[in-house]
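Here are the chains, one letter per residue:
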Amino acid sequence: MRLLIALLLTLLASSTAVAGEVEDALARIEAGDLAGAVQLAERVRDADALQKIAEAFYGVGSSQGEEAALRIFREALALREARAAEEPAPLADLLHDLSGVHYNAGSYAEAEDAEARALAIRSRIYPEGDVRTAESRRDLALCRLAEGRLAEAASELPPALAVIEAATGPEDWLQVAVGRNYLAELYRLQGRYGEAARVLEDLVAQAGEKLGEANPRFPHFLNNLAGIYRDQDRFDEAETLLRRSLALRLAASPRDDGDVAAATLNLAELYRVQGKPAEAEPLYTDALRLARGALPQGSPELLEFVSQKAVLDRAQGRLARAQGEFEEALKLAEAGLSPDHPRVAQTRLDLGGLLADRGRCPEARPHFARALAVREQVFGPEHPDVAEALTAEARCLSPAAARANLDRALSILGTSEAHRASAVEALTRRADLLERTDRQRARQDLEDALRLVETMRPHRGGGEAVRAAFFSRHAGLYARLARAEVDAGRPDRALAVAERGRARALLDQLAAAHVGEGPLDPALAARRTTLTAEMAEIGERLTYERTRKDLEPKARQGRVRVLEEQLDAATRDFRLLYDEIRNADPAWRQVAVEEPAGAEAIQRDAVPEEGLLLLYQVSAEGSLLFVVPPPPAPVEARSLSVPREAAAILGVRAGPLTAEALAKIVARLRPEAPGGTRGIGGLSTSSPSGAAAMIAGLHALWKVLVPAALWPRLATARTVLVLPDGALNLLPFESLVVRAGADAKASRFWLDAGPVLRYAPSATLARDLARRPVPPRASDLALVVSDPAYPSGGPLGRLPGTAREAEAVQDALRGAAEVERLQGNAAREPAVRSALPGKRYLHLATHGLLDPGEGELFAGLALTPPPSPAGGEDDGFLRLHEIYGLRLDADLAVLSACESNAGRVVAGEGVFALSRGFLVAGARRVVASQWPVDDASTASLMGELYREMAAGSDAAFALRDAKRSLRRDRRWADPLFWAPFVLTGAE
């Protein structure tokens, strides 16, 4: 008995000592003294105590803590294994926990080994259907899923999850949620995207109710559903979810930088595929920086961050930098993952694609071949990821082998919900191969590719700039198919194809304008108000700093540079917010069903009475001109080329008129600044040689754009509707020289000898604008805004000539319309906004400002600034994004401002100009300027324009006659003065 008591006392003392060492070790871990805690742990020989210390080390979240945790777990494992026969359950529990540690570290093989041992023990000691055994089956399936062994994972995961769900009470619903998330990931990897989406949609809905958005798992569920939507090309829905997921992770306390990095990366990747590289790049950089700080050096989890940054650099043409990043990513993948892991295959596929971009196919082929072999092994031969690899590899194969790859890829993708972009690429590549041997099949492949593009368009997410950018990337396909239809002798079909690729984002905007408008989400409205006020304040501070006289130039420049960077960041945030607001607008998301007019409808509804329609299609390979008469005359299609004589004058190579050559020509023939001594292209008109060069260039371009046999028909037409493309959007055809003379006065321009001109981005748009109701003349009202009171010393000078212009407009309309004038201090933004609706005529004579940013949201008309930065709707500028939201009834809006019809040209879409905003807001026709205009000549032109209209002339004819009147004045005979204003819209 004494011996027994002594033994008990000894054990009690030992237990007390162990408890004390554990408490001390835990206290040191909490205080950050990891080295001291390790020393204490080395003296502990109790498995339970070691496991507790290891868990505390793992919770630190650092590489040092994880290394210590793993070492101590192994010491505990050795103690458990010594008593495996007597205590199998604790050993299984420890192996289960250790598997999780290995899994989270990316050591999937070690995780699988530990979980397999745990499963073997639990299967032996617990009855069939026990939840602990099911948990081991589930986690073993996840290890195999991470290793790309999908068939094995699929056999284990669903039955294991069924057992766990049946045994789980409402209080432990999170475990059910996590299991469903794993099931969705399995479906995704198997290419079962619809099933994965349904599982995650249900999971997100239930998790919001049962867990709440504050639960750290909830953002993960949002992110994973967004990933499925992205795979399905539902970018609009994905973008909303990714923003929400990132916001929740940023707001979490404590914040997990690894989670924030992952969410930032996913949003960056979506921006990249949407065509928003400027918004994507800073997010990629932030994500990589956060990941390097949160993850151990060399962790395979860094692979995603490095490789996706490389994908952006590749897309931006930074190929050498991207190659280095892909090679780093491949090293990370091969060091931390199995050689047969799907992520290793993806990295090889990316690297192979980049090498092919650089013309290094011999180096690319082994990467393509290995990636394809791994995907076939892991996913099976019919998986869409296999089709993606087949398509990529085709770039570096012989024609016969490439054709086999593409045939197989398209067979797979024909039944897949995902990888539509890969299907477009495969169809396009196969059309290239078939072009010489089977032109009919090649045309069908191009048609199928475009149909896919058109189904993808509505769900790109974001605003009109995103949709336009997406379509612009495929403009060449429309041009190719149109050319193929012309070659096949079907110009009417070619015309329909060309029209399908034009101004689709603008058509969406017109269809969505004011449809189903409701109150803006309060959170979005608050962010918009905050950002608007912030931009207004920074703008005011910039104006102040730029005009300071009390600072040295270097100091002033430094202050200005800082403020400019702040303004750039704020405007970038606003553009992203604008896209977010667009995504939240059901009308915008649902209107993208506009079917462009076909050839028959174009002839019937868009061709001017007693006139012609000219549609230009410009591409990298060449340009087509479609000549469309009223029915029943046939549609004609002509290829445009630059003759040798014209090429010498225009400074380009002879041959097909390519997009590159046209851009170069127009850049030379457009003015750079207003002033009587600068002609088109900045050529001096003060000398005979300068005038002669200008006239020669405009005459040569006329010969290129208007084939000789066509001019007699044009000259006798009443009106011509021009649908320009590419750089032609920046060229007024009235300035083309029909007969060259010694100078502008002695030459004959289209203005002198040709029919009246109207312009439109597309025939469908011209038709739709013509259908807008015309305000009744009995209630004619006009608004004239002129000479805003810009502060002296500021960047914008007063425009006294616009006051005279306003007088001329008012005089011309006297008796024909009631005129409201806002001038000087009265020309404030709120007053202008409230006065615009309900007017038949709008005349805005102010400074026009361009915005080089994506979508030109901040292009605007400069009005009288408020006395102090007011923000909201009174920052002194009527911006393009604000104009879109106006409700106008105008038959005609005249934007008598510099470059109000100029801006960024997007292939197929046209120009993102201020004039676009007024069309979207409700105007039937807009007169706007192509370049900076002269104050005095413009005042004269506008007075004559309104006098002609008051006398009953149509706006297009009135503008033509006003230009002719201005041209007759020797001071303003140069097209610099009379040519910039063009009319866009209905007849």
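Here the structure is a predicted model, which is why all the values come from computation and not from measurement. Residue numbers run consecutively from 1 along every chain, following the written order of its sequence. This being a predicted model, a pLDDT of at least 70 is required before a residue's local features are given, and a value of 80 or more before pairs of side-chain atoms are given or counted; all residues contribute to the totals for chains, interfaces and linings. Hydrogens and waters are ignored; side-chain quantities use all the structure's heavy atoms.

Participant: Let's hear about the overall build of the protein chain: which residues, and what values?
Facilitator: The helix count covers DSSP runs of H or I at least four residues long, the strand count covers runs of E at least two residues long, and both are numbered beginning at the N terminus. Within the protein chain, the secondary structure is distributed over 43 helices and 19 strands. In terms of overall dimensions, the protein chain has a C-alpha envelope of 130 × 70 × 50 Å along the principal axes. Within the protein chain, buried positions represent 56% of all 987 residues. We call two residues in contact whenever any of their non-hydrogen atoms come within 4.5 Å of each other. The contacts of the protein chain with a sequence gap of at least 6 include a subset with a gap of at least 24, amounting to 68%. When the accessible area of the protein chain is evaluated, it comes to approximately 40300 Å², of which 51% is carbon and sulfur surface. Positive charges come from Lys and Arg, negative ones from Asp and Glu, while His and the chain ends are left out of the count. Working definition for charges: the position is that of NZ of Lys, CZ of Arg, CG of Asp or CD of Glu. When the 122 positive and 140 negative side-chain charges of the protein chain are each reduced to one mean point, those points stand 6 Å apart. A simple rule labels every residue: compare its accessible area, found with a 1.4 Å probe on the protein chains alone, to the largest value its type can have, and call it buried under 20%, exposed over 50%, or partly exposed in between. Computed by Shrake-Rupley with a 1.4 Å probe, the accessible areas treat only the displayed protein chains as cover when residues are assessed.

Participant: Talk me through the packing of helix H10 (residues 193–210) against helix H11 (residues 218–231); I want residue IDs and the actual numbers.
Facilitator: Only the stretch in contact is used when fitting a helix axis, every axis being a line fitted to C-alpha atoms; angles between N-to-C directions are given from 0 to 180 degrees. Contact geometry for H10 and H11: axes closest at 9 Å, N-to-C directions at 155°. Classified by the interaxial angle, the pair formed by H10 and H11 is roughly antiparallel. Relative to H11, H10 is oriented so that their crossing is left-handed. Every residue of H11 that contacts H10 at Tyr 193, Ala 196, Ala 197, Leu 200, Glu 201, Leu 203, Val 204, Ala 207 and Gly 208 is listed here: Phe 218, Phe 221, Leu 222, Asn 224, Leu 225, Ile 228, Tyr 229 and Asp 231. The labels follow the angle: roughly parallel below 35 degrees, roughly antiparallel above 145, roughly perpendicular from 65 to 115, and oblique for the rest. If you view the pair so one helix is near and one far, a crossing is left-handed when the near helix is turned anticlockwise from the far one by less than a right angle, and right-handed when it is turned clockwise.

Participant: Account for the packing of aromatic side chains, with residues named and values stated.
Facilitator: Stacked, edge-to-face and tilted are the three classes for Phe, Tyr and Trp ring pairs, Trp counted by its six-membered ring, which pair at centre distances within 6.5 Å; planes under 30 degrees apart are stacked, over 60 edge-to-face, the rest tilted. Across all of its chains, the model carries nine aromatic pairs by this definition. Where Phe 471 meets Tyr 478, the ring centres are 5.5 Å apart and the plane angle is 40°; that geometry is what we call tilted. Comparing Phe 471 with Tyr 478, the two get one shared label, buried. The structure contains a cluster of three or more aromatic residues connected by ring pairs, namely Tyr 616, Trp 702, Trp 711, Phe 733, Trp 750 and Tyr 759. Positioned over the ring face of Phe 471 is Arg 457, at 5.6 Å from the centre of the ring. The criterion for a charge sitting over a ring is simple: Lys NZ or Arg CZ within 6 Å of the ring centre, and within 35 degrees of the ring normal.

Participant: I'd like a rundown of the confidence of the model for the protein chain, residues and numbers included.
Facilitator: If pLDDT is low for a region, its predicted coordinates should not be looked at in detail. Confidence of the predictor at the level of single residues is captured by pLDDT, which takes values from 0 to 100. Of all residues in the protein chain, 93% attain a pLDDT of 70 or more, and the chain-wide mean is 87. Confidence scores differ between elements of the protein chain, with helix H1 (residues 2–31) showing the lowest mean pLDDT of 54 and strand S2 (residues 623–628) the highest of 98. Counted against residues more than four places away or in other chains, residues 1–17, with its pLDDT under 50, gives zero contacts. Considering only residues more than four positions removed or in separate chains, one finds that residues 672–684, a stretch of pLDDT under 50, has 42 contacts.

Participant: Describe the packing of helix H24 (residues 475–487) against helix H25 (residues 491–500), naming the residues involved and giving the relevant values.
Facilitator: Following both chains from N to C, one finds H24 and H25 inclined at 170°, their axes separated by 7 Å at the closest point. Accordingly, the angle class assigned to the pair H24 and H25 is roughly antiparallel. Counted together, Tyr 478, Leu 481, Ala 482, Glu 485 and Val 486 of H24 and Pro 491, Arg 493, Ala 494, Val 497 and Arg 500 of H25 form the full contact between these two elements. Across the contact of H24 with H25, the residue classes break down as seven nonpolar, no polar and three charged. All residues other than Ala, Val, Leu, Ile, Met, Phe, Trp, Tyr, Cys, Pro, Asp, Glu, Lys and Arg, Gly among them, are scored as polar; the first ten of these are nonpolar and the last four charged.

Participant: So, the pattern of salt bridges: which residues are in play, and what are the values?
Facilitator: Each reported salt bridge corresponds to a side-chain nitrogen of Lys or Arg within 4 Å of a carboxyl oxygen of Asp or Glu. Throughout the structure, instances matching the rule amount to 90 salt bridges. A salt bridge links Asp 33 to Arg 28, with the shortest nitrogen-to-oxygen separation between them at 3.6 Å. The exposure class of Asp 33 is partly exposed, given its relative accessible area of 33%. Overall, Arg 28 belongs to the partly exposed group, its relative accessible area being 35%. Notably, a salt bridge pairs Glu 580 with Arg 243, separated by 3.3 Å at the nearest N-O pair. With Glu 580 in helix H28 (residues 553–583) and Arg 243 in helix H12 (residues 235–251), the pair connects residues that are 337 residues apart, well separated along the chain. Judged by relative accessible area, Glu 580 falls into the buried class, the value being 15%. Three or more residues are tied together by salt bridges with common partners; here these are Glu 112, Arg 137, Arg 144, Arg 149, Glu 152 and Glu 156.

Participant: I'd like a rundown of unusual backbone geometry, residues and numbers included.
Facilitator: The residue after Ser 253, namely Pro 254, is reached through a cis peptide bond having omega 0°. Within the secondary structure, Pro 254 sits in the loop between H12 and helix H13 (257–274). A positive phi is found at Asp 233, a non-glycine position, where the angle reads about 65°. For Asp 233, a relative accessible area of 6% puts it in the buried group.

Participant: An account of the nonpolar core is requested, with residue identities and associated values reported.
Facilitator: The biggest cluster of nonpolar side chains holds 93 residues, and the ones touching the most others in it are Leu 145, Phe 305, Phe 326 and Phe 368. The leading source of residues in this core is H13, at nine residues. Apart from residues no more than four positions distant in its own chain, Phe 305 is found in contact with Ala 261, Ala 262, Leu 265, Ala 287, Leu 288, Ala 291 and Leu 295. Residues enter a nonpolar core if they are buried and are Ala, Val, Leu, Ile, Met, Phe, Trp, Tyr or Cys, with the set joined through side-chain atoms within 4.5 Å. Tyr 616, Ala 646, Ala 647 and Leu 959 belong to the second-largest nonpolar core, a separate cluster that totals 84 residues.

Participant: Before we move on, could you go through the pairing of strand S15 (residues 892–895) and cite the residues and values that matter?
Facilitator: Alternating residues of S15 divide into Leu 892 and Val 894 and Ala 893 and Leu 895, and every residue in both groups is buried. As defined by bridge partners, strand S11 (residues 841–845) adjoins S15 across four bridges and the pair is classed as parallel. Bridge assignment links His 843 to a residue of S15, and that residue is Val 894. If DSSP finds at least two bridges between two strands, the strands pair. Where S15 lies against strand S18 (residues 925–929), two bridges are found, and the strand directions are parallel. Within S18, the position partnered with Val 894 by the bridge is Val 927.

Participant: Summarise the environment of Ala 387; cite the residues concerned and give the values.
Facilitator: Examined against the element boundaries, Ala 387 turns out to sit in helix H19 (residues 384–393). Owing to a relative accessible area of 0%, Ala 387 belongs among the buried residues under this scheme. Ala 387 sits 36 residues away from Ala 423 along the chain, and the two C-alpha atoms are 8.5 Å apart.

Participant: Explain the sheet that holds strand S14 (residues 877–879) to me, using residue names and the numbers behind them.
Facilitator: Strand order in the open sheet formed by three strands is S12-S13-S14, with antiparallel pairing between adjacent strands. Each edge of the open sheet is held by one strand with a lone partner, namely strand S12 (847–849) and S14. Neighbour-to-neighbour, the strand axes of this sheet turn through a mean angle of 20°, independent of strand direction. Judged from the three bridges that link them, S12 and strand S13 (residues 860–862) form a sheet pairing that is antiparallel. Bridge pairing in S13 places Leu 849 opposite Gly 860.

Participant: Now, about the state of the cysteines: what can you tell me, with residues and values included?
Facilitator: Cysteine sulfurs are considered disulfide-paired once they come within 2.5 Å of each other. Overall, the coordinates contain one disulfide when judged by the stated rule. Disulfide pairing is shown between Cys 361 and Cys 396; the S-S distance is 2.1 Å. Residues Cys 361 and Cys 396 are joined by a disulfide whose S-S torsion is about -70°; by sign, that bridge is left-handed. Of this pair, Cys 361 sits in helix H18 (residues 361–379) while Cys 396 is found in the loop between H19 and helix H20 (399–413), placing the two residues 35 residues apart along the sequence.

Participant: Give a detailed account of H24, specifying residues and quantitative values.
Facilitator: If you check H24, its first and last C-alpha atoms are 19 Å apart, about what 13 residues at 1.5 Å a residue would give, namely 18 Å. Among the residues of H24, those classed as buried are Leu 477, Tyr 478, Ala 479, Leu 481, Ala 482, Ala 484, Glu 485 and Val 486. Residue Gly 489 follows H24 closely and has a positive phi angle near 80°. For a helix, the expected span equals 1.5 Å multiplied by the number of residues minus one.

Participant: Which residues make up the environment of Phe 733, and what values do they have?
Facilitator: Within the secondary structure, Phe 733 sits in the loop between strand S5 (719–723) and strand S6 (737–739). Considered as a pair, Phe 733 and Ala 315 are 418 residues apart in the sequence and their alpha carbons are 36 Å apart. Those residues in contact with Phe 733 that sit more than four places away from it in its chain are Tyr 616, Leu 705, Val 722, Leu 728, Trp 750, Leu 757 and Tyr 759.

Participant: Summarise the side chain of Thr 133; cite the residues concerned and give the values.
Facilitator: One can find Thr 133 in helix H7 (residues 131–146). Residue Thr 133 is classed as buried on the basis of its relative accessible area, which comes to 8%.

Participant: Break down H25 for me, citing the residues and quoting the values.
Facilitator: In terms of burial, H25 is a largely internal element, seven of the 10 residues being buried. Regarding H25, the residues found buried are Ala 494, Leu 495, Ala 496, Val 497, Ala 498, Glu 499 and Arg 500.

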